[in-house]
Each structure stands twice: as C-alpha cells, then as structure tokens.
Amino acid sequence: MNIPYTNLPRLVIIGGGFAGVSIAKNMIKQDVQLVLLDRNNYHTFQPLLYQVSTSSLEPDSIAYPLRKIVKKGKNTFFRMTEVDSIDPETKTVHTAIGSITYDYLVIATGARTNFFGNQTVEKNAMRMKNLPQALNLRSLMLENLEQAVITSDNEKRKELLNFVLAGAGPTGVELAGGIAELKLNVLPRDYPDMDFSEMEVHLIEGADRVLPPMSEHASKKATQFLKRLGVHIHTSTQVTNYEDNTVSTNTGLAIKAATFIWSAGVTGAPVNGIDAASLIPRANRYKVNRCNQIEGYKDIFALGDIALMETEAYPKGHPMVAQPAIQQGAHLSKNLIRHLAGKPMLPFTYFDKGSMATIGRNKAVVDIGKFQFGGFFAWFIWMFIHLWFLVGFRNRFITFFNWTYNYINYDKAARLIVRPFKNKAENDIERV
C-alpha cells in the first residue's frame, strides 16, 4: 500500500461518504497519520443522484475528488481500493492492494440497496445508490425513448414509455417528479413526432402514504404535487416480482414497463471481520455506544448509515440520511482529539435539522421541527440547503448555473447517452 512508517497514531477511515469525509476534514490538521480508503476516488453527494439520472446535472457536478480533501494535511493519504476484511486482533485492514495496520479504525461504509430478500427484483430492477448506477439509469431511460420513437408496435412503445418506481420515500418521490417533468417540459420538444400522452410514471409504496418518514402535511402536499405532474400513485401496495418487463404487486396490479427502479429501502454495508454479535442482523448495522465505538471494541468506530446508536429519542438508531453521518463524523473527530489528549470522550447527541424533498419546479416539502410547509418557499430552501452542503465551490457554481438554466429554459441540459447501458452486472456493484 506504500504508506510510510510513522510514530504518530494511525487513523484509518474506510469510506469516503458523508461520514468519512466529515471526520477526515476535521482530523487532517491533527497529530495523526490519516489514511482514507474508498473504492472510488471521489465523494458523491447522494441527495442529488436523481438529478443525474433525470438529465438535470452531469456527474462531475455532484462528485468531489477525495485527494483534494486529504491533500490539505501534511500526514494524510488516500488509497483507492476495495476493503476485503478487518483483523481486530492484529489491528489490520486487508484490501485489494495490500494490508495496513491501524491504531484507530473508523468504518463509514454507508448503505446499499435493500431488496428484502426478493431475488428476482434484485436481479432485474434498476437501482440508484452511486454515480455509475445513476448514469446507467439515465442511459437506459434515454435508450428506451430512442427505441420508442422508431417502433411501430403500439404495445411495445407503451412498455418503453412506462416508468415504474418502487418506494415513495424522498428518493422515489424526487425521481418520479423529475421523470414527470421530463415528460411535460422537455421530451415533447426532443421527440415532436411522438405522443407523450402514452408515457406513464407509476409510484408504488407499501405504506398508506408517500413520504412515510415525513409529516402528514408533507405527505399530502407531495401527493398533490405529484398528481398535478401526472404521476400515478399506488399506496398500500408492494412489488412482488419483476420479470419480462412486467411489474407484479400483491394487490393484483400488473404494469408493463421497460424501466423499473427500486428505491424502497437500504441496508447497512458491513465489512468482514467484525464479531457478528456486534452486528444487528435485520439492519446490517453495527451496534455502537454513544461515542460511536462498536460494541466489544475500544479502537474501532462506526459512523453514519452503518452505525446503529440506540438512544431514548431514536430507539431504532438514527435515520440513514446525510445529517446524522455528518454530525457523527464531526463529533468523533472531537472525541478522538480529546482521547489523544488523555481526556474522556463525550456522548453524541443528534440535532435534527429537519427533512425535505423536492417534487419538481417550485414544488417541495419541508419539515423543520413543528413547522411544515410546501411550495415555492420550500423549494427555495431545498435548493439553498443542497447547494450549501455540496463539497467544493466549483460544484456549487456549476450546479447553480445548471439549475438556473433549467429553470429559465424549461430544459434539461444533460440528455446524453455517453455510456450506453449494456448489462445488469455494472448496475449491481455496490461494494465498499
């Protein structure tokens, strides 16, 4: 791995997501040797992945080089590799490019798509947890449109123009809204010889309302916005199968669709080597104490989606979204600094800054404490918050420019098939 020997404590961080970047940014100036490991050489701003899929943004708008983060420290290193396992007894991390020992280890491997044991859906559905998958989805949607415009078979054309999404959480709602806006504002100008009244967007949710993690008010508003955009909403419905371009459900509903997207849940992405007793089986998350130490280990920590911290306010762990990951990363950095100075670590307390989702142009919902609102003001807040948390000035500027262009011109500038979608193998990769 070619990491130089040092007398300083070595901190190894596995994962360059929100949690890994948060602690890395806070530790690069400290008296430690910091080594960041990730299978990609960039950090992905996942809340905007759906905008890559729906041609609003190019991938480099929401990706930031991890080396640009670690280069700000004098004794910091990044290695692009996949982690195979951890050996806690020898305090060693084994990777595809070699092994490295650690004094302190932080596991911030995030989450992967959860198919709840449905192997057929897992095999055939599209997913959207990383940039390659978002680009695959964009390519598949555009390729299906190109096929639809040349086919003379009416049933085949409707199948190519049908889009079905399973899961009406923030990702599903935002993606459904994005595809519906393409249908209304963009595609009729790109394909003037095609009748887009045949195109349908279906959103399927197992709960009795969309956005179940958010307030009733947000759910009602989101439902209104989606219906105005022409999205067909199916609540209290679960997808049971997807084969031969047919989505089957437990209610008997069957939809022929060439594009089926699964956004119905996530599960933790653990690393081999940690005692199974420390892993919560159903969630695939490590049980951690209030200082983010994995149960049974003093020098191994878990952050973000992979960490399950039971508190009175969150008995089932914190929500698997960006804010807990960012806050835990910042707090653990303070605790490690205290620990290195011989001081006791302090317990983590999560500050809930609210939840939000955008459905389309001038349409969003926001829950902040006791306040719930939707519409243009919520949409404006959503844009400001997402711009603020993007890593890097360039990314903020490019994203703001694209959003302004899209808003003024009712257009999506990134309708390019730059990497044709060829097989499911690429889409299935979600390893650390």
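Please refer to the structure placed before this passage.
Criteria and cut-off values
- Residues numbered from 1 in each chain as written.
- Predicted model: local features only at pLDDT ≥ 70, side-chain atom pairs only at ≥ 80, totals over all residues.
- Heavy atoms only, no water.
- 1 Å grid on protein atoms, 1.4 Å probe; cavity = no way out; pocket = protein on both sides within 12 Å on 5 of 7 lines; lining within 4 Å.
- Points joined across faces, edges and corners; volume = space filled by probe spheres on them.
- Helix = DSSP H or I, 4+ residues; strand = E, 2+ residues; numbered from the N terminus.
- Nonpolar A, V, L, I, M, F, W, Y, C, P; charged D, E, K, R; others polar.
- Buried < 20%, exposed > 50% of the residue type's maximum accessible area, 1.4 Å probe, protein only.
- Pairing = 2+ DSSP bridges.
- Salt bridge = Lys/Arg side-chain N within 4 Å of Asp/Glu carboxyl O.

> Any chance you could explain the layout of surface pockets here in plain terms?
Sizing a probe to match a water molecule and rolling it over the atoms shows the empty space that remains. Of the volumes computed, that of the second largest pocket is approximately 260 Å³. Looking at the lining of the second largest pocket, the elements that each hand over two or more residues are α1 (18-27) and α10 (376-389). No other element matches the 5 residues that α1 contributes to the lining of the second largest pocket. Of the residues contributing to the lining of the second largest pocket, the split by class is 7 nonpolar, 4 polar and 2 charged.

> What is the right way to read the pairing of strand β23 (residues 355-360) from this model?
Every regular strand shows the same layout, with side chains that alternate between the two sheet faces. The element β23 is extensively covered by neighbouring structure, given that 5 of its 6 residues are classed as buried. The pairing of β23 with strand β24 (residues 363-368) spans 5 bridges and is classified as antiparallel. In the sheet register, T358 faces β24, and the bridge partner there is A364. Linking β23 to β24, which pair antiparallel, is a turn of 2 residues; within it N362 sits at a positive phi near 65°.

> Would you mind showing me how to read the pattern of salt bridges here?
Between side chains of opposite charge, a pair can form as their charged atoms come close. A full pass over the atoms with the stated rule returns 12 salt bridges. Between E58 and R138 there is a salt bridge, with its nearest N and O atoms 3.4 Å apart. Of this pair, E58 sits in the loop between α2 (49-53) and β4 (63-65) while R138 is found in helix α5 (residues 131-150), placing the two residues 80 residues apart along the sequence. Accessibility expressed as a relative area gives 25% for E58, which makes it partly exposed. Between K287 and E295 there is a salt bridge whose closest N-O contact spans 3.8 Å. Through salt bridges with shared partners, one network takes in K156, E159 and K256.

Such coordinate-based values are descriptive only and should not be taken to indicate function.
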